[in-house]
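Inside the fold
Next come the chains, spelled out residue by residue.
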Amino acid sequence: MVASILVPTDFSPTSDSALQYATQMALTLGARLYLMHVPGKTGEHFEANYPLGRFETATRERLSSFLTTEELEQLRPEYALRVGAPAEEIVRYADACDV
């Protein structure tokens, strides 16, 4: 049984395709959807320059382009933004969330 699906995204067309596939899987299986972006930038004021809210808004817009409002409410995705090496941060987040 699949209870959780983690979808790292870089907002590329390939990531958008993976996001569409993962959302349909989550809806079909009743799984929790985790959406994550790791831009790989570092810096003292990174959160001020790229806040979680901006990531969440951009991702919601993408989801809204192919999901109904009811499907979005059913999914209730969790959004995560991390700074660092993408591969390491994705694995760290997956471990922390037991995904």
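Going by the structure above, here's the rest.
Let me begin by describing the structure that accompanies this report. (Residues numbered from 1 in each chain as written. Predicted model: local features only at pLDDT ≥ 70, side-chain atom pairs only at ≥ 80, totals over all residues. Heavy atoms only, no water.)

In this model helix α5 (residues 86-97) runs 16 Å from its N-terminal to its C-terminal C-alpha over twelve residues, within 8% of the 16 Å that 1.5 Å per residue would give. Turning to α5, its buried residues are E89, Y93 and A94. One side of α5 carries all its buried residues, which in axial view fall inside an arc of 135 degrees. In α5, the exposed residues that point more than 90 degrees away from the buried face are A87, E88 and D95. Contacts made by the buried residues of α5 are with β1 (4-8), β2 (32-37) and β3 (78-81). Once α5 ends, the next one or two residues include D98, with phi positive near 55 degrees. (Helix = DSSP H or I, 4+ residues; strand = E, 2+ residues; numbered from the N terminus. Expected span 1.5 Å × (residues − 1). Buried < 20%, exposed > 50% of the residue type's maximum accessible area, 1.4 Å probe, protein only. Arc of directions from axis to C-beta. Contact = heavy atoms within 4.5 Å.)

On to the pattern of salt bridges, then. Taken as a whole and assessed by the stated rule, the structure comprises four salt bridges. For E89, the salt bridge is made with R92, and the minimal N-O distance between the two is 2.5 Å. With E89 and R92 both in helix α5 and three residues apart, the pair spans about one turn of that helix. (Salt bridge = Lys/Arg side-chain N within 4 Å of Asp/Glu carboxyl O.)

As summarised here, the arrangement of the three strands in space is β1-β2-β3, forming an open sheet in which the pairing is parallel. Looking at the sheet topology across the chains shown, the edges are occupied by β1 and β3. Averaged over all neighbouring strand pairs, the angle between strand axes comes to 20 degrees, with direction disregarded. Bridge analysis of β2 against β3 gives four bridges, and the strand direction is parallel. Bridging from a neighbouring strand, L35 pairs with Y79 of β3. Sheet strands in contact with helix α1 (residues 13-29) are β1 and β2, and its direction is about 170 degrees off that of β1. Its contacts with the sheet put α5 on β1, β2 and β3, and the angle it makes with β2 is roughly 150 degrees. (Pairing = 2+ DSSP bridges. Axes fitted to C-alpha atoms, helices over the stretch in contact; angles between N-to-C directions.)

In this structure, I5, V7, L33, L35 and L63 are the most contacted members of the largest nonpolar core, which totals 18 residues. Those elements that provide at least two residues to this core are β1, α1, β2, α3 (52-64), α4 (69-75) and β3. Element by element, the count of residues in this core is highest for α1, at four residues. Contacts of V7, omitting those with residues within four sequence positions, involve A18, L19, A22, L33, Y34, L35 and M36. Judged by nonpolar contacts, the second largest core, of seven residues, contains Y34, A80, Y93 and A94. (Core = buried A, V, L, I, M, F, W, Y, C linked by side-chain atoms within 4.5 Å.)

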